[in-house]
Amino acid sequence: AQRVTQPEKLLSVFKGAPVELKCNYSYSGSPELFWYVQYSRQRLQLLLRHISRESIKGFTADLNKGETSFHLKKPFAQEEDSAMYYCALAHSGTYKYIFGTGTRLKVLA
Amino acid sequence: KAGVTQTPRYLIKTRGQQVTLSCSPISGHRSVSWYQQTPGQGLQFLFEYFSETQRNKGNFPGRFSGRQFSNSRSEMNVSTLELGDSALYLCASSWDRDTEAFFGQGTRLTVV
């Protein structure tokens, strides 16, 4: 079955600490992986996608096909990073996203 | 430019009724997708439309339907509402495949 798993519902870290939001997937084929973020009272927005291999707001994510993971990382968390983060995969070339259940990141001062 | 607009923002309906939700994509975007978000099931894909044609469909009963107009605006309809249909319904638009999808703020539907 095609599935995205985010094992942590809530992750609390102190400002300046490293952050890693875990995402594992199961998919037969070549998926496209994404991270979406939702800040308080804002709409869901794309943070990054694996095919672009870029760093956004200091966040990076590497697709590990062997471990079927797409963990989101940031070396030094900022308070403004506090938000809900969703990992998603899509059938290549479509917008049929399969979302994980999300991880709420709280960055403490 | 204006973002994805969903109307209405909030809606209360009675079991058995039907409801129509509207989504106006970003100007120039041709693809519109719909998602249902609930605390128990999270975000689930409903369907995607492109140039007035349904291109992909999720695993929802036939009570959930949608359409897209020539100006790319999209509507989704839910007939014979059930309590379990209470959810936040999100719409996303994009220009085409492999381009970023932009989400609306959603319509919160409550079925009583």
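Computed from a predicted model, the values in this text were never measured in an experiment.

Colleague: Kindly report on the nonpolar core, identifying the contributing residues and their values.
Modeller: Counting residues in hydrophobic clusters, the biggest one holds 26 residues, and the most contacted among them are Trp35, Leu47, Leu48, Phe70, Leu72 and Tyr85 of chain A. Residue assignment for this core shows that the elements contributing at least two residues are strand S2 (10-14), strand S3 (19-21), strand S5 (32-38), strand S6 (45-49), strand S9 (83-90) and strand S11 (103-108) of chain A. With residues up to four places along the chain from it excluded, the contact list for Leu48 of chain A reads Leu33, Phe34, Trp35, Glu54, Ile56, Phe59, Thr60, Ala61, Phe70 and Leu72 of chain A. Val4, Trp34, Phe60 and Leu81 of chain B belong to the second largest nonpolar core, which has 21 residues in total.

Colleague: Would you mind going over the interface of chain A and chain B in detail, with residue names and values included?
Modeller: With 14 residues of chain A at the interface, the matching set in chain B holds 22 residues. Interface area for chain A against chain B, summed over the two sides, is near 1,700 Å², with a carbon-plus-sulfur share of 51%. Counting every contact that joins chain A to chain B gives zero salt bridges. Our enumeration of links across chain A and chain B arrives at five residue pairs in polar contact (both at pLDDT 80 or more). Elements that contribute at least two residues to the side of chain A that touches chain B include exactly S5, S6 and strand S10 (97-99) of chain A. When the residues that make up the side of chain A that touches chain B are grouped by side-chain class, the tally is seven nonpolar, two polar and five charged.

Colleague: Account for unusual backbone geometry, naming residues and giving values.
Modeller: Thr7 of chain B connects to Pro8 of chain B through a cis peptide bond whose omega is -10°. In this structure, Pro8 of chain B sits in the loop between strand S1 (5-7) and strand S2 (10-13). Although it is not a glycine, Arg41 of chain A sits at a positive phi angle of roughly 60°. Here Arg41 of chain A lies in the loop between S5 and S6. Accessibility expressed as a relative area gives 79% for Arg41 of chain A, which makes it exposed. In this structure, Lys57 of chain A is a non-glycine residue whose phi angle is positive, near 55°. Accessibility expressed as a relative area gives 48% for Lys57 of chain A, which makes it partly exposed.

Colleague: Residues and numbers for the environment of Ala88 of chain A, please.
Modeller: Residues and elements named next belong to chain A. Looking at the element boundaries, Ala88 is found in strand S9. The exposure class assigned to Ala88 is buried, which follows from its relative accessible area of 0%. Setting aside residues no more than four positions away along its own chain, Ala88 makes contact with Glu32, Leu33, Phe34, Tyr97, Ile98 and Phe99.

Colleague: Mind laying out the sheet that holds strand S8 (residues 72-74) of chain A, listing which residues take part and the relevant values?
Modeller: An order of S3-S8-S7 (chain A) is seen for the three strands of this open sheet, with the pairing classed as antiparallel. The open sheet has two free edges, formed respectively by S3 and strand S7 (60-61) of chain A, since each of these has just one partner strand.

Colleague: Lay out the pattern of salt bridges in plain terms, naming residues and giving numbers.
Modeller: Under the criterion given, the structure shown has nine salt bridges over all chains. Between Asp81 of chain A and Lys74 of chain A there is a salt bridge, with its nearest N and O atoms 2.8 Å apart. Owing to a relative accessible area of 3%, Asp81 of chain A belongs among the buried residues under this scheme. The shortest N-O distance in the salt bridge between Arg63 of chain B and Glu82 of chain B comes to 3.6 Å. Of this pair, Arg63 of chain B sits in the loop between strand S6 (53-57) and strand S7 (64-68) while Glu82 of chain B sits in the loop between strand S8 (74-78) and strand S9 (87-94), and the two are 19 residues apart along the sequence. With a relative accessible area of 16%, Arg63 of chain B lands in the buried category. Relative accessible area serves as the criterion here: at 41%, Glu82 of chain B is assigned to the partly exposed category. Linked through salt bridges whose partners overlap, the residues forming this network are Glu20, Lys22 and Lys73 of chain A.

Conventions adopted
Residues numbered from 1 in each chain as written. Chains lettered and ligands numbered in written order. Predicted model: local features only at pLDDT ≥ 70, side-chain atom pairs only at ≥ 80, totals over all residues. Heavy atoms only, no water. Core = buried A, V, L, I, M, F, W, Y, C linked by side-chain atoms within 4.5 Å. Buried < 20%, exposed > 50% of the residue type's maximum accessible area, 1.4 Å probe, protein only. Helix = DSSP H or I, 4+ residues; strand = E, 2+ residues; numbered from the N terminus. Contact = heavy atoms within 4.5 Å. Buried area = accessible area lost by both parts, 1.4 Å probe. Salt bridge = Lys/Arg side-chain N within 4 Å of Asp/Glu carboxyl O. Polar contact = N/O pair within 3.5 Å; in protein donor to acceptor, adjacent residues only side chain to side chain. Nonpolar A, V, L, I, M, F, W, Y, C, P; charged D, E, K, R; others polar. Pairing = 2+ DSSP bridges.

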